[in-house]
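Each chain, written out:
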Amino acid sequence: MKLVFALPAMGGPVDIRWQKGTSSYVCIGGYRTQIHLYDRNGAPLEIVSLKSCCIGLEWSFDGTLLALLEERANFVTFWDTVTKKPKKHEFGIRDVALCMSYSRSTLTLAIGTAKGNLILIENEKVTPIVGKHSKKIVMVDWSTKDNLLATYREDNRIIISNNTGDTMTVMEIRSLLTDLMFDQRFVYTEDSFPPAWRFVTGISSKGKTFFVCDHRASQPHPLELSFKTEYGNVTCYTRCNENLALLGFSNGQLIGMALGAEDGSDPQHFVEQFQLKDHVNAVTAVAVAPQSGRVACCGDNCVKIHSLTDFTQVINVVEVEEAHNNLKSLAWSAEEQLLCVGLQDGSVRVYLARLPVVGCSNGEISVYLSGVKEISVLFSDSPIPVRVQVPTEVSGLAMNQSHVTSANGNMAVYFAITPSGLDTLYETEFPARILKTYLGEDYAAVLLDNGKVKLHMIMSDEPEVERESTSFPKKPSDFITCCDLQAGFLVFGVQSGEIHCFFVEEWAFAYTFEHSCGISQLYLSPTGLLVCFVDETDVVYVLNMVTDVLLPVEMSDAVKRAKVIDVLWESWEENPDVFCLVDGEKNMSTCVVYYTTIRVPEIFLLCTTQLPRGYYPLHVHDGEVTCISNANRIAKVRLDSHSNLIPDISGLTPEQLKKALEQSISLHRLRDAWEIACMIRQPFAFQRLANVGMNLLEIEFAIRCHRELKDSAFVQSLEELLKVEDCNLLSGLVLVLLNEPDRAEQMLLKSVQPLEALQLRRDLLQWEQALQLAKNLAPEEIPLISKEYAQDLETSGDYGNAMYHYERGVTKKPELREHDDACRSGIARTAMRLGEMKKGTALALELGHPSLLKECAAILDGLKLYSDAATLYEKAESWEKAVALYLKTKMWQKATDLLDKCSSAKLQLQYAKAMEANGQYKLAAGAYVQCKEFVSAIKLYLDKLKNPEAAVNLVSQAESPEAARLVANFFLGMNDYGTAIQFLIASKCTERAFELAKQHHQMEEFADAIGDEGTQEEYVGIAKYFDSQRDFLQSGKFWTLAEEYRKAVAQYLKVTGDDNQATAVEGAIAAVTRSKDDALVQTVVDFLIGDSDGEPKDAKHLFRLYICLKHYRQAARTATIIAREDQNSGNYRVAHDMLFRMITELKTNGIDPPGELFDELCLLHSYIIAKQHVKRADHTHASRLLQRAAANISKFPMHTVPILTSTVVEAHRGGRRLTAFNIAKGLMKPEYRSKIDAKYKDKIERMIRRPDKTEIEEPTSPCPYCDAEVEIMCLHCPECKSVLPFCIISGQHMEKGDWSECPSCCFPALYSKFTAFFGDGNGTALCPMCSEDIPLDGVVHVTDPTENLGEFRMSS
């Protein structure tokens, strides 16, 4: 221990009393007339002079008053720590004070007098209680619990009184006492008193015995306990914490006496817990420091410091110089930092027992007191603190990110934080003692003990006078008890219960809150939005200054007993709603504020973390508490609420992951919770998170979780809530999803759309609640709800109440006519249900709605009122149900009238059977047909109505063998074998039909009837029959169907006659195509070319054979021959179509047609389209096309002269005179001249005699392959030697930039010519190549014909 200061001798023993609460002052008194007051540094403050010697010193429990009692005085002197002046208070009775004691919880001072009176003084009010004792009151003491008063008089009687002086217990003892102690003078809450505190203890005047008495016993029996003689006499004693009294003896022993007995009357329960020889000579004084766990014991020339947990352990030994065995008294300061030692001569030594635990931290930097005038700065990146000497002692520290301030008394020193430690900036003196300092970013707030707060700038480079500093409160009557400075907000609480928020940036008050009682502590969150405060009743609240919502903090009983002494907000920005309550036992209770939830805002206490003994928390960041220990060392402690939340969760076990998940959820750390859930990968984890997300209105997070759960329906429902902004509305809708309708209604009613609550009840079919809500929110909805309610009641069978609500729902408003009709319809239905048939029917007919009529008819049907039900069904045009009921009631005529309107087969059948039973066969047959009971109808037509034609017509519809069999039997009976055979086959009686056909020579009818659906055996039978009849054509046909192709071909080739032979050849071709027999094919080929009989057949048959056999090259050669024959015969169109068909067939089968086919087709096509150009009077182009034919005139032997004549005429008309002259010369040959048409002969002869050799220039266009200029009618490019594709409209060669194709045959045409070809018609035209009808919009301009040109080049 370090000696702080020493006071000189005062001439005798002294009484040392530290100020309670803060220990700012120490009072040194004794039996003398002057009382000395010193500060903690030993500086003299005041000397109070008395008229007579002082016999008593007492500080009030709060340390504001010092009571001084003089010898033989009838007054008491109070010295006020505020005014620093003494003041006398007289008793008001003629008596002399002997002793006094201050209450430990109130400002009540008890004084015992020489006449046995008791005087109580509280707030200058004097209450004398006369006659309390009959003799002198020599000792008084107050209890900690219940505020009871013990008084002791000379006649050995102790009286226990309440705080008003009323006697409760009287105890008699045998010995005189020199000391009286009610209980240990430590502070305990009501529920934490150990059982020993019910004892009153004392020491006998001779120091031989220890007095103990249980004052709560019904009949108190004081006990006097004696000790071993070797101990000597009791020289001092004190009551220790728990159940222990410490006694010092004259021989140097220190004894611990247990006081925890259940039975206070049994001496055996009061035993020595320990005994140790502490000093050589007497133990003169014992003092306990319970907070720091130490006991000071003085004797000889030293003071020994023991541990409360192990008395044998000596923590420290202080050798007092010049003591000479004269140590007499000990006194701990209130905070147990200073120990006063009084000597016999009145001198005093004050030792520093331990440094005050003073420190602060911002997470990265910690600053703490490490010496009387030394501060240590510990940076997070260095284990070694930087020590800084300061000019004054330090009682408090505060810091921000760049500054530190230390305070002591009314002085504050400001420092700048540097990498090397602290640089002193300046010192500031304040008008009162500093209680606490707070540093913001630019400003500092200083709380003073005069109820003021000073706000000033820390550093001002460009000072603004009005914003340099200011003081609070602005009202002189307000007394500030606490404050805090965070995020640019200064918040302070006043004694009257108000909380004020001052916004520094605006330099104006931003918020005021009025509480019901005074504010004792206040702590602002780092965001500046939430305030946690403790009122004077020790209740903790959290105030949201944005929403003005005040929430109480529900604390555990242990926290309530220990009382909250500090609050630390979580500094991690992702957890701004987490804070920790620090109680007197240094327990930290982690709390979370739930403001944005689907329920009301509330605060949850998660768990309590027990800090190690002697640790004091300074700062919390991400669940890590920065603490300072009693030894002034910085340490880190992890909160239990964050125990499983570590940066690397990959190494956690599944059980630890579950705990980490729950901790993350409880702390609102949803991002961490998501990562943990992804590690767990179990549905329960995502379901838990989804519920939490909805509870916290984190809709996007909840959607994310439900997507992991594959719950698409819930995701869709939540996505509809993303645009909802009102919190109450969103809460209500989420509660609806969670199936909590009552709470959902509460939130919806608070929202901006309260009608959603009404809609909720309607959706839940809770009609009574809906009606009640509609009454208050939307009266206009009552009729609509009544209708829905009535419909629900009607469905459940409560027709009476349903009718009542239907009637209530009728509005008689034109705009709600449809609604009113629905209500009246309900009235009609329920009236019928309740037996009011007339009312219900009349109302239904009045409304006339088909659906209503059907419903009412169904009700009547259920009540077996079939006739009335049928009438309503008929009115509703529900014909089938009406007919059914008419049939049921045998009202045949009405049923007949309505039957045509029915489509029900079942009903038609029912009607048909009824009519057949009544002999009305025609009606019955028609009904049978309608319901497709054709067999029954056929029976009636054949047996009853004698109408076989109708029966025959029904057989095809019936598709029934039975129906066909009935008709067949009928015609057999009439010897109509052909018809009978047809119906026998239809009835699947083919064998009978075959025999009948064979017997009656009706095989052709049998063959026609069986068609292509016969079996091979049947076809063989038919073929053999025709063989026997020498009908080779039919025989070949059926041998083919029987797949006997050789027999079929043999029979076909036997057929003679031109017509039959052509048909037979086609049959033979079909047979060999199906057979795929090469020998059989050769047989047919030999027959066709005449090798077998010497008579060649028509080449078309051979062409047809090659086509069927897919021998396309042989078919092409054959086609060329046929086309040439047709061309020679003048059948140009037939030849053209043959060539076109052949080319198309070859292209379809992927074979390139020979070039000669294209040349022949081009020549014929040019001649054919020339006629179209002549009709259009395009003589020039017609002449060019005819010139192409004239150049190959040998291929047109039948029309040589007409073609040449037309060419001459058209060329002359088109201005091509030289071309006309040259061709005309050819016509003048003798073999042609005589055949020239007389109409043109003279004109042509004149051309020869007087020739006109003028000629228009032949136009050119680019070659589509090489772009060389080529005459438009030239189909061979002289440059690239390519064969050029021709236009099917103009006969010209094609151009790349003017390309199109016929949509049907895909032959090319110039786009400009093709579109002009349609003319002014109806938008369609026949393609001159394929003769198909082509729409104009089907012609497409091909911008890049490269692929088309490639295909043509391959073909040509």
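Residues numbered from 1 in each chain as written. Predicted model: local features only at pLDDT ≥ 70, side-chain atom pairs only at ≥ 80, totals over all residues. Heavy atoms only, no water.

1. Things to note about the overall build of the protein
No. 1: A tally of regular secondary structure across the protein gives 43 helices and 65 strands.
No. 2: In the protein, which comprises 1356 residues, the share counted as buried stands at 51%.
No. 3: Counting only contacts in the protein whose residues sit at least 6 apart along the sequence, the fraction spanning at least 24 positions is 41%.
No. 4: Working note: accessible area of the protein is about 63700 Å², and carbon and sulfur atoms make up 48% of it. (Helix = DSSP H or I, 4+ residues; strand = E, 2+ residues; numbered from the N terminus. Buried < 20%, exposed > 50% of the residue type's maximum accessible area, 1.4 Å probe, protein only. Contact = heavy atoms within 4.5 Å. Areas by Shrake-Rupley, 256 points an atom, 1.4 Å probe, with all protein chains shown as cover.)

2. A short note on the sheet that holds strand β14 (residues 137-142)
No. 1: With respect to topology, four strands assemble into an open sheet ordered β14-β15-β16-β17, the strand pairing being antiparallel. Strand pairing shows two members of the sheet lacking a second neighbour, β14 and β17 (167-172), which therefore form its edges. Each strand axis lies, on average, 20 degrees off the axis of its neighbour in the sheet, ignoring direction.
No. 2: Alignment of strand β16 (residues 157-161) against β17, held across five bridges, turns out to be antiparallel. If you follow Arg157 over to β17, its bridge partner there is Glu172. (Pairing = 2+ DSSP bridges. Axes fitted to C-alpha atoms, helices over the stretch in contact; angles between N-to-C directions.)

3. Focus on helix α21 (residues 921-930)
No. 1: Taken as a whole, α21 has its buried residues at Ala924, Ala925, Ala927 and Tyr928. Mapping the buried residues of α21 onto a view down its axis gives an arc of 165 degrees, with all of them on the same face. Across from the buried face of α21, at angles greater than 90 degrees, the exposed residues are Lys922 and Gln930. (Arc of directions from axis to C-beta.)

4. Comments concerning the side chain of Thr626
No. 1: With respect to the secondary-structure elements, Thr626 resides in strand β58 (residues 624-629).
No. 2: Residue Thr626 is classed as buried on the basis of its relative accessible area of 2%.
No. 3: Beyond its immediate stretch of four places on either side in the chain, Thr626 contacts Ser361, Ser366, Tyr616, Pro617, Leu618, His619, Ile634, Ala635 and Lys636.

5. Quick word on the pairing of strand β41 (residues 434-439)
Side-chain direction in a regular strand flips from residue to residue, so the side chains alternate between the two faces of the sheet.
No. 1: Where β41 and strand β42 (residues 443-448) come together, five bridges link them in antiparallel fashion. Note that in β42 the partner of Ile434 across the bridge is Leu448.
No. 2: Counting the residues that bridge the hairpin from β41 to β42 gives three residues.

6. Thoughts on the nonpolar core
No. 1: Within the largest apolar cluster, 74 residues are counted, with the highest numbers of intra-cluster contacts made by Leu718, Val734 and Val883.
No. 2: Every residue in contact with Val734, bar those within four places of it in the chain, is listed here: Ile598, Met694, Leu697, Ile699 and Leu721.
No. 3: With 65 residues, the next largest nonpolar core counts Ile1122, Ala1135, Leu1157 and Ile1334 among its residues. (Core = buried A, V, L, I, M, F, W, Y, C linked by side-chain atoms within 4.5 Å.)

7. Considering unusual backbone geometry
No. 1: Each neighbour pair has its own omega, and for Phe472 with Pro473 the value is 5 degrees, a cis peptide bond.
No. 2: On the secondary structure map, Pro473 appears in the loop between β44 (469-472) and β45 (480-486).
No. 3: Although it is not a glycine, Asp300 adopts a positive phi angle of roughly 55 degrees.
No. 4: Following the sequence through the fold, Asp300 ends up in the loop between β27 (294-299) and β28 (302-307).
No. 5: A positive phi is found at Ser1331, a non-glycine position, where the angle reads about 60 degrees.

8. Notes on the environment of Glu1255
No. 1: In this structure, Glu1255 sits in the loop between α41 (1238-1249) and β60 (1260-1262).
No. 2: In the structure, Glu1255 is positioned 41 residues away from Gly1214 in sequence and 9.6 Å away in space, judged by C-alpha atoms.
No. 3: Among the polar contacts listed, one links the side chain of Glu1255 to the backbone nitrogen of Leu1218, at a separation of 3.0 Å.
No. 4: A distance of 2.7 Å separates the side chain of Glu1255 from the side chain of Thr1219, its partner in a polar contact. (Polar contact = N/O pair within 3.5 Å; in protein donor to acceptor, adjacent residues only side chain to side chain.)

9. Considering the pattern of salt bridges
When their charged atoms lie close together, side chains carrying opposite charge are able to pair.
No. 1: Overall, the coordinates contain 36 salt bridges when judged by the stated rule.
No. 2: Note that Arg1184 is salt-bridged to Glu1258, the shortest N-O span being 2.9 Å. Taken together, the residues span a long stretch of sequence, with Arg1184 in helix α37 (residues 1179-1190) and Glu1258 in the loop between α41 and β60 at a distance of 74 residues.
No. 3: Accessibility expressed as a relative area gives 9% for Arg1184, which makes it buried.
No. 4: Arg1213 is the salt-bridge partner of Glu1210, the closest N and O atoms lying 3.4 Å from each other. Highlighted residues: Glu1210 and Arg1213, both in helix α38 (residues 1200-1213), separated by three residues, approximately one helical turn.
No. 5: Of the residues examined, Glu1210 reaches a relative accessible area of 5% and is grouped as buried.
No. 6: Residue class for Arg1213 comes out partly exposed when judged on its relative accessible area of 46%. (Salt bridge = Lys/Arg side-chain N within 4 Å of Asp/Glu carboxyl O.)

10. Section: the sheet that holds strand β33 (residues 359-361)
No. 1: If you trace the four strands from one edge of the open sheet to the other, you get β33-β34-β35-β36, paired in antiparallel fashion. Edge positions in the sheet fall to β33 and β36 (386-389), since each of these pairs with one other strand and no more. On average, each strand axis in the sheet is tilted by 25 degrees relative to the strand beside it, whichever way the strands run.
No. 2: Here strand β34 (residues 365-371) runs beside strand β35 (residues 374-379); their pairing, made up of six bridges, is antiparallel. Along β35, the bridge assignment pairs Val367 with Val377.

11. Examining the confidence of the model for the protein
When pLDDT drops low, the exact placement of atoms in the prediction is not to be read closely.
No. 1: Mean pLDDT over the protein stands at 83; residues scoring 70 or higher make up 88%.
No. 2: A low-confidence stretch, residues 184-197 stays under pLDDT 50, and its non-local contacts, those more than four residues away or across chains, total 45 contacts.
No. 3: Under a pLDDT of 50 for its full length, residues 261-265 has, in the predicted model, 12 contacts with residues more than four places off or in other chains. (pLDDT = per-residue confidence, 0-100.)

12. A look at the packing of aromatic side chains
Pairs of aromatic rings are described using the distance from one ring centre to the other and the angle between the two planes.
No. 1: Within this structure, the stated rule accounts for 24 aromatic pairs.
No. 2: Seen from their ring centres, Phe227 and Phe249 are 5.1 Å apart, and the 75 degrees between their planes marks the pair as edge-to-face. Of the two residues, Phe227 is situated in the loop between β21 (223-226) and β22 (234-240) and Phe249 in strand β23 (residues 244-249); the sequence distance between them amounts to 22 residues. Both residues of the pair, Phe227 and Phe249, belong to the buried class.
No. 3: Taking the centre distance of 5.5 Å and the plane angle of 45 degrees together, the rings of Tyr1167 and Phe1196 count as tilted. Separated by 29 residues along the polypeptide, Tyr1167 in helix α36 (residues 1155-1175) and Phe1196 in the loop between α37 and α38 bring together distant segments of the chain.
No. 4: Since its relative accessible area comes to 11%, Tyr1167 is described here as buried.
No. 5: Judged by relative accessible area, Phe1196 falls into the buried class, the value being 0%.
No. 6: Taken together through their ring pairs, the aromatic side chains of Tyr443, Phe472, Phe492, Phe502, Trp507 and Phe509 make up a single cluster.
No. 7: For Lys474, the ring lying beneath its charged end belongs to Phe472, and the centroid distance is 4.9 Å.
No. 8: The ring of Trp674 carries Arg704 above its face, with NZ or CZ at 3.9 Å from the centroid. (Phe/Tyr/Trp six-rings, centres within 6.5 Å; stacked < 30°, edge-to-face > 60°. Lys NZ or Arg CZ within 6 Å of the ring centre and 35° of its normal.)

13. Considerations on the environment of Lys1313
No. 1: Note on placement: Lys1313 falls in helix α42 (residues 1311-1317).
No. 2: Along the sequence, Lys1313 and Ser1300 sit 13 residues apart, while their C-alpha atoms lie 9.6 Å from each other.
No. 3: Each residue touching Lys1313, except ones within four places of it in the same chain, is listed here: Cys1287, Ile1289, Ser1290 and Gln1292.

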